[in-house]
Amino acid sequence: EKFKSGLQKTRQVLNTDVRDLFKAGAILDEEMLEEFEGRLIRSDMGVEAADEIVAELRKQHLGRTVDPQAIAETVNAKLRDLLSGEDRAEGGEEENADPLTRLNLNPDGPTVILVSGVNGVGKTTSIAKLAKLLTDAGQSVVLSAGDTFRAAAVEQLTMWAGRIGCEIVTGEANSDPASVAHRGAARAKELGADVLILDTAGRLQTQTNLMNELGKIRRVVGKQIDGAPHESLLVIDATTGQNGLSQAEKFSEAAGCTGIVLSKLDGSAKGGVVIPIRRRMSIPVKFVGLGEGLGDLAVFEPEKFVRALEI
Ligand code: GDP
């Protein structure tokens, strides 16, 4: 249900387009297909995916009397195909809403999750939501407020931690994020916590700096906890669509990402961006943000996603 209301705008766009363009009884022609392709591209699914959908429509419906229901079915089937085809990203993609199945867990505990993303994408909120999701799944969580260059982010995260009832480790303003990560790891071990979530600085800077900073955090926690970080999640803002993608690719390299959190999928007409993310990046979308509240993070399930988009 959440998926459905979250993707309402994207669905509306697709829906209106199909009803608008393909009027029952008309003969389906190239002009209609071209117009539809333009609109698909505007939902940010990328030119390649839009091309594939239109090619399928051409194959099945060109020159025939329009049957809007049949057209919708062709589009839905192709969307499903695009999201779960052979080119899909690796990782446990079976449909399962249990967040623990989507994470590479450290059997010896704690599991360390590094979270990165550019300021404003929803990183702080996503960390809080993930902490809540994991707490609800019976995990004890420690947060490490490593975005030390933003006092407001630390305050915000502290407020969320209080609400969730989980431990948070903070550092001095402008202190080294790696030192906060170090203390976070020490605290998580001391408490015997199941999960440690590491916030990182989100300043948009040169890739070298970013790589150095994230590399340092990785080295520090890797020495304290075997195999850490076990997950490296990158937060991308769905409303920035294709623009977010190149940024994502940069971060992904620097942070050695293992998964994506796609935030702000609600209220965006650009939910189609999931498709190029899966096609272009070799890492899976693991979670999606569907609102501003603590409970608004869901495990990404491709099949549910397509059903929510169904026209
Ligand atoms: P950060 O700068 O990356 O840490 O971003 P924040 O977590 O502070 O979020 C920036 C803004 O986006 C805040 O107003 C959040 O409430 C909002 N936000 C974050 N995630 C979502 C989401 O999934 N949906 C919506 N609608 N808003 C979100």
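Rules of the game
- Residues numbered from 1 in each chain as written.
- Predicted model: local features only at pLDDT ≥ 70, side-chain atom pairs only at ≥ 80, totals over all residues.
- Heavy atoms only, no water.
- Phe/Tyr/Trp six-rings, centres within 6.5 Å; stacked < 30°, edge-to-face > 60°.
- Helix = DSSP H or I, 4+ residues; strand = E, 2+ residues; numbered from the N terminus.
- Buried < 20%, exposed > 50% of the residue type's maximum accessible area, 1.4 Å probe, protein only.
- Near = heavy atom within 4 Å.
- Polar contact = N/O pair within 3.5 Å; in protein donor to acceptor, adjacent residues only side chain to side chain.
- Areas by Shrake-Rupley, 256 points an atom, 1.4 Å probe, with all protein chains shown as cover.
- Axes fitted to C-alpha atoms, helices over the stretch in contact; angles between N-to-C directions.
- Parallel < 35°, antiparallel > 145°, perpendicular 65-115°, else oblique.
- Contact = heavy atoms within 4.5 Å.
- Pairing = 2+ DSSP bridges.
- Salt bridge = Lys/Arg side-chain N within 4 Å of Asp/Glu carboxyl O.

(A) Up close: the packing of aromatic side chains. Tallying each qualifying case throughout the model produces three aromatic pairs. Between F3 and F300 the ring centres are 6.5 Å apart and the planes differ by 50°, which places this aromatic pair in the tilted class. Of this pair, F3 sits in helix α1 (residues 2–6) while F300 sits in the loop between β8 (297–299) and α12 (302–309), and the two are 297 residues apart along the sequence. Taken as a pair, F3 and F300 share a single burial class, namely buried. Taking 5.3 Å as the distance between ring centres and 75° as the angle between the ring planes, the aromatic pair formed by F22 and F36 counts as edge-to-face. Linking F22 in the loop between α2 (8–21) and α3 (30–42) with F36 in helix α3, this pair joins segments that are 14 residues apart in sequence. Each member of the pair F22 and F36 is classed as buried. Taken together, F3, F300 and F305 form an aromatic cluster joined through their ring pairs.

(B) Here's a closer look at the site of the ligand. Looking at the ligand, there are 17 residues lining it, with G120, K123, T124, T125 and E292 nearest. Within the contact set of the ligand, an oxygen atom lies 3.5 Å away from a backbone nitrogen or oxygen of G289. For the ligand, whose unbound accessible area comes to 580 Å², protein coverage reaches 79%. Per-element accounting of the shell around the ligand gives the leading share, four residues, to helix α6 (residues 123–136).

(C) The arrangement of unusual backbone geometry in detail. Residue G109 is joined to P110 through a cis peptide bond whose omega torsion reads -20°. By the element assignment, P110 lies in the loop between α5 (68–84) and β1 (111–116). Although it is not a glycine, D44 sits at a positive phi angle of roughly 70°. Despite not being glycine, N174 shows a phi value in the positive range, around 65°. You can see N174 is positioned in the loop between β3 (167–169) and α8 (177–191).

(D) Quick peek at the packing of α2 against α3. Following both chains from N to C, one finds α2 and α3 inclined at 170°, their axes separated by 11 Å at the closest point. The angle between α2 and α3 places the two elements in the roughly antiparallel class. Of the residues in α3, those in contact with L14, D17, V18, D20 and L21 of α2 are M32, E35, F36, R39 and L40.

(E) Summary view of the pairing of β1. Of all six residues making up β1, six are buried, and the element is well covered by its neighbours. Here five bridges tie β1 to strand β4 (residues 195–199), and the two strands are oriented parallel to one another. Residue I113 lies in a different strand from β4, and its bridge partner there is I197. Sheet topology note: the β1/strand β5 (residues 231–237) ladder contains four bridges and is parallel. Looking at the pairing, S116 lines up with L234 of β5.

(F) The pattern of salt bridges, seen in detail. Per the counting criterion, the structure on display carries 19 salt bridges. For E303, the salt bridge is made with R307, and the minimal N-O distance between the two is 3.8 Å. Of this pair, E303 and R307 both sit in helix α12, separated by four residues, roughly a single helical turn. On the basis of relative accessibility, which here comes to 25%, the residue E303 falls in the partly exposed class. Overall, the relative accessible area of 43% leaves R307 in the partly exposed class. Taken together, the salt bridges that share partners define one network made up of K123, D147, R150 and D199.

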